[in-house]
Number of protein chains: 2
Amino acid sequence: MSRPSAAIRLADAAFALFDERGYEQTTVDDIAERAGLGRTTFFRHYRSKEAVIFPDHDRLLELIRDRLATSSHSTALVAVSDAVRLVLLHYIDEGELARRRYALTSKVATLRDREIASVARYQRLFREFIADWMGDPTEAASLRAELMAASVAAAHNHVLRRWLRGESADPVAEVDEAMREVLRLFPTPDARSGEDQQGSTVVAFRTGQDLDALLPALRRLVEDGQRPL
Amino acid sequence: MSRPSAAIRLADAAFALFDERGYEQTTVDDIAERAGLGRTTFFRHYRSKEAVIFPDHDRLLELIRDRLATSSHSTALVAVSDAVRLVLLHYIDEGELARRRYALTSKVATLRDREIASVARYQRLFREFIADWMGDPTEAASLRAELMAASVAAAHNHVLRRWLRGESADPVAEVDEAMREVLRLFPTPDARSGEDQQGSTVVAFRTGQDLDALLPALRRLVEDGQRPL
DNA sequence: TCATCAACGGTACTGAGTACCGTCTCAAAG
DNA sequence: CTTTGAGACGGTACTCAGTACCGTTGATGA
């Protein structure tokens, strides 16, 4: 039974020292010394002092990219909603480690900014995927892709942070519910594209007027196929 | 007619050198020397090398905060949509400077991350404002606030980036249109709260069925005031 | 036994950011 | 006119992150 690997010892030492003295008060020298390793070895395993806390964002990003590339969902938004679950599951899999990281990022501005930048990369990936999938270079479509990507990311982060704070017992169920909420925000426009569509778009209304008084207008709507507003 | 202030000379020197050699290839010493000032003076005016590019995010954030605090709009989302225009107008007011900054942030990862972190602070402000305004501690409301804030920020960034890239002739009109799109995503639930409401919510629908066949269901809707879905 | 290769340690360097101190100028107060 | 105090600036010296380079060790296999 050999000692834990250098990378693990360094990470353990780093978290321990961050807890004891705080992030800024801990130098890379301190971490290496605590781990019984040299400073050079630290940077061989982690690109930066921050990276010891965020180990595998790159790997996870690739995982998401692959998932999206091989996904076969009915809409881009569903595909992205599905892919983002991987991120949540990854954090949950980390368990206590993720919570310790959250405690740090909550206090240290530098780390918080780094975390936010990582999230932005996911969001960008989502946006590009959705835009490609729609294949519509319109300005409106572009904005829509941006809004969708932002909503998925926001919903995910919302659930993730709740779980990190210990406010969520079943984050997987919550993220599914949150994604349904996002899907409700963006009713699928597919059904409107053709002329001979089968689907029906249902709209509820309430008014002070008697229903019969509205019938002429309703009849015109149905006959002309015009959409008000 | 005196020389321009130290802060301005430093910023000019910084942008010039960033253009000539690139951001990483320029040291603070270089900037100070070009400006005919000492290194210490640079850090007296700008907290960091990055800060010389992003001068007044803090001030702008306060401006937004004030605007929100004194706003009297019908809904939180409208108030935020209004406030975010200030950000856009600020960038437009900067003109060419904003575009030079964009050129830099597009190339240098460090600067891009910093810019993203700034945007996140606006988004956080929006989220907190909306959550406070709603005064509903429910999980669903919290998620909704998060989605709203993210959507407003995303819509704003979309228009801003288009303008920065020179793709938008009238960014103010575009941001107004984008905000209308965001408002459409979140239909106001205000009208549903009371019993004796006056307003009418209109919904259009289309179906293969004959209108008369739907009448019974419609009558029930109107009478019971129930909401389908 | 020898060659190879990977992991590690050490030294020295660059550059950002901080602390501290000294200088100069200008303006108000004496 | 002199003094005092404040503000802007310059310089030196320091800490620490991150990089480059080189030398050492140790295991493995031909």
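Quantities reported herein were computed from a predicted structural model and do not represent experimental measurements. (Residues numbered from 1 in each chain as written. Chains lettered and ligands numbered in written order. Predicted model: local features only at pLDDT ≥ 70, side-chain atom pairs only at ≥ 80, totals over all residues. Heavy atoms only, no water.)

Enquirer: Describe the protein's contact with DNA strand D, with residues and values.
Expert: Around DNA strand D lies a shell of 16 residues, among which A:Arg39, A:Lys49, B:Gly38, B:Thr41 and B:His45 are the nearest. A breakdown of the atoms of DNA strand D within 4 Å of the protein gives sugar and phosphate a share of 48%. Here a phosphate oxygen of DNA strand D and a backbone polar atom of A:Val28 are 3.2 Å apart. A distance of 2.8 Å is found between a phosphate oxygen of DNA strand D and a side-chain nitrogen or oxygen belonging to B:His45. (Near = heavy atom within 4 Å. Polar contact = N/O pair within 3.5 Å; in protein donor to acceptor, adjacent residues only side chain to side chain.)

Enquirer: Please provide a residue-by-residue account of the UniProt feature "DNA-binding region" (unreviewed entry) in chain A, values included.
Expert: UniProt records the feature "DNA-binding region" (unreviewed entry) at residues 27–46 of chain A, using the numbering of this structure. Between the C-alpha atoms that bound residues 27–46 of chain A there is a distance of 14 Å. The span itself is 75% helix and 0% strand. (UniProt positions renumbered as here; feature names shortened; annotations may be inferred. Helix = DSSP H or I, 4+ residues; strand = E, 2+ residues; numbered from the N terminus.)

Enquirer: Go over helix 9 (residues 171–185) of chain B with me, naming the residues and quoting the values.
Expert: Spanning 15 residues, helix 9 of chain B covers 21 Å between terminal C-alpha atoms, matching the ideal 21 Å at 1.5 Å per step. Those residues of helix 9 of chain B that fall on the buried side of the exposure criterion are B:Pro171, B:Glu174, B:Val175, B:Ala178, B:Met179, B:Glu181, B:Val182 and B:Leu185. In a view along the axis of helix 9 of chain B, the buried residues occupy a sector of 155°, so they form one face of it. Looking at the buried residues of helix 9 of chain B, the elements they touch are helix 8 (139–164) and helix 9 (171–185) of chain A together with helix 5 (76–94) and helix 8 (139–164) of chain B. (Expected span 1.5 Å × (residues − 1). Buried < 20%, exposed > 50% of the residue type's maximum accessible area, 1.4 Å probe, protein only. Arc of directions from axis to C-beta. Contact = heavy atoms within 4.5 Å.)

Enquirer: Which residues make up the protein's contact with DNA strand C, and what values do they have?
Expert: Neighbouring DNA strand C are 16 residues, the closest being A:Gly38, A:Thr41, A:His45, B:Arg39 and B:Lys49. One nitrogen or oxygen atom from the side chain of A:Arg44 is found 2.9 Å from a base nitrogen belonging to DNA strand C. When residues of the surface near DNA strand C are traced back to their parent elements, those giving at least two are helix 3 (39–45) of chain A together with helix 3 (39–45) of chain B. Sort the elements by how many residues they give to the surface near DNA strand C and helix 3 of chain A lands first, with 4 residues. Classifying every residue of the surface near DNA strand C by side-chain character gives 4 nonpolar, 8 polar and 4 charged. (Nonpolar A, V, L, I, M, F, W, Y, C, P; charged D, E, K, R; others polar.)

Enquirer: Go over the domain arrangement of chain A, please, and point to the residues and values.
Expert: A common way to express how large an interface is: the accessible area buried when the components associate. Residues and elements named next belong to chain A. Taken as a whole, chain A is organised into domain 1 (6–51) and domain 2 (54–192). Domain 1 and domain 2 are separated by 30 Å when their C-alpha centres are compared. The partner domain 2 presents 11 residues to the 10 residues of domain 1 that form the contact. Counting each side, the surface lost to burial between domain 1 and domain 2 is near 920 Å², with a carbon and sulfur contribution of 59%. Linking domain 1 with domain 2 are 3 salt bridges, by the criterion used here. Looking at the side of domain 1 that touches domain 2, its residues break down into 5 nonpolar, 1 polar and 4 charged. (Domains from an automatic or database assignment. Buried area = accessible area lost by both parts, 1.4 Å probe. Salt bridge = Lys/Arg side-chain N within 4 Å of Asp/Glu carboxyl O.)

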